[in-house]
Amino acid sequence: MISLFLTAAALLIVLGAGLLYLASPNQRLYAAALPLRLLALTGMLLLLVALLLLLQFSGSATSVFILLTGVMLMWTVPPMVIGYLRHKRGGKTS
């Protein structure tokens, strides 16, 4: 049961942080305008549910630490991968 909570929390952290990234005006994944308010509210709601699931597994300080570490990871890796892929694609066409 605990592994189900942790797996669900990890998935919700990935989805919530991804939606918050897409709500940022500096995101580089889509050029088209996105519904920022809806993405931001949905992302925050998913992160809140992930925190509630993490609280079932560990204490409050540890749960917040796990949540914030997951969010920082999700806000660090995808922009670097997107930048690398765009650079690589631009290098092939030139």
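First, a word on what this report is: a plain description of the structure on this page. (Residues numbered from 1 in each chain as written. Predicted model: local features only at pLDDT ≥ 70, side-chain atom pairs only at ≥ 80, totals over all residues. Heavy atoms only, no water.)

## Quick word on the side chain of Ser 58
Rules: Numbering goes from the N terminus for both helices and strands, where a helix is a DSSP run of H or I of at least four residues and a strand is a run of E of at least two. Accessibility here uses a 1.4 Å probe with only protein chains present; expressed as a share of the type maximum, an area under 20% marks a residue as buried, one over 50% as exposed, and anything in between as partly exposed. Identification of polar contacts relies on pairs of N or O atoms within 3.5 Å, with a donor-acceptor requirement for protein atoms, meaning one able to donate a hydrogen and the other able to accept it, and with residues adjacent in sequence counted only if both atoms are side-chain atoms. Every residue pair with non-hydrogen atoms within 4.5 Å of one another is taken to be in contact.
Looking at the secondary structure, you find Ser 58 in the loop between helix 2 (36–57) and helix 3 (60–93). Judged by relative accessible area, Ser 58 falls into the buried class, the value being 18%. Side-chain polar atoms of Ser 58 contact the side chain of Ser 63, separated by 3.1 Å. Contacts of Ser 58, omitting those with residues within four sequence positions, involve Ser 63 and Ile 66.

## Here's the deal with the nonpolar core
Stated precisely, the cut-off is as follows: Take the buried residues of types Ala, Val, Leu, Ile, Met, Phe, Trp, Tyr and Cys, join any two whose side-chain atoms come within 4.5 Å, and each joined set is a nonpolar core.
Counting residues in hydrophobic clusters, the biggest one holds 14 residues, and the most contacted among them are Leu 12, Ile 13, Leu 47, Ala 50, Leu 54, Leu 67 and Val 71. Secondary structure elements with two or more residues in this core: helix 1 (2–23), helix 2 and helix 3. For this core, the leading source of residues is helix 2, giving 6 residues. Counting residues in hydrophobic clusters, the runner-up holds 5 residues, among them Tyr 21, Leu 22, Ala 23 and Ile 82.

## Let's talk about helix 2
Basically, it comes down to this: Every helix has an expected span of 1.5 Å times one less than the residues it contains. As used here, the arc belongs to the directions running from the helix axis to the C-beta atoms.
When the terminal C-alpha atoms of helix 2 are compared, their 32 Å separation across 22 residues agrees well with the 32 Å that a helix rising 1.5 Å per residue should span. Restricting attention to buried positions, one finds in helix 2 the residues Leu 39, Gly 43, Leu 46, Leu 47, Ala 50, Leu 51, Leu 53 and Leu 54. Projected down its long axis, helix 2 carries its buried residues within an arc of 165°, all on one side. The exposed residues of helix 2 that point more than 90 degrees off its buried face are Arg 37, Leu 38, Leu 41, Leu 45 and Gln 56.

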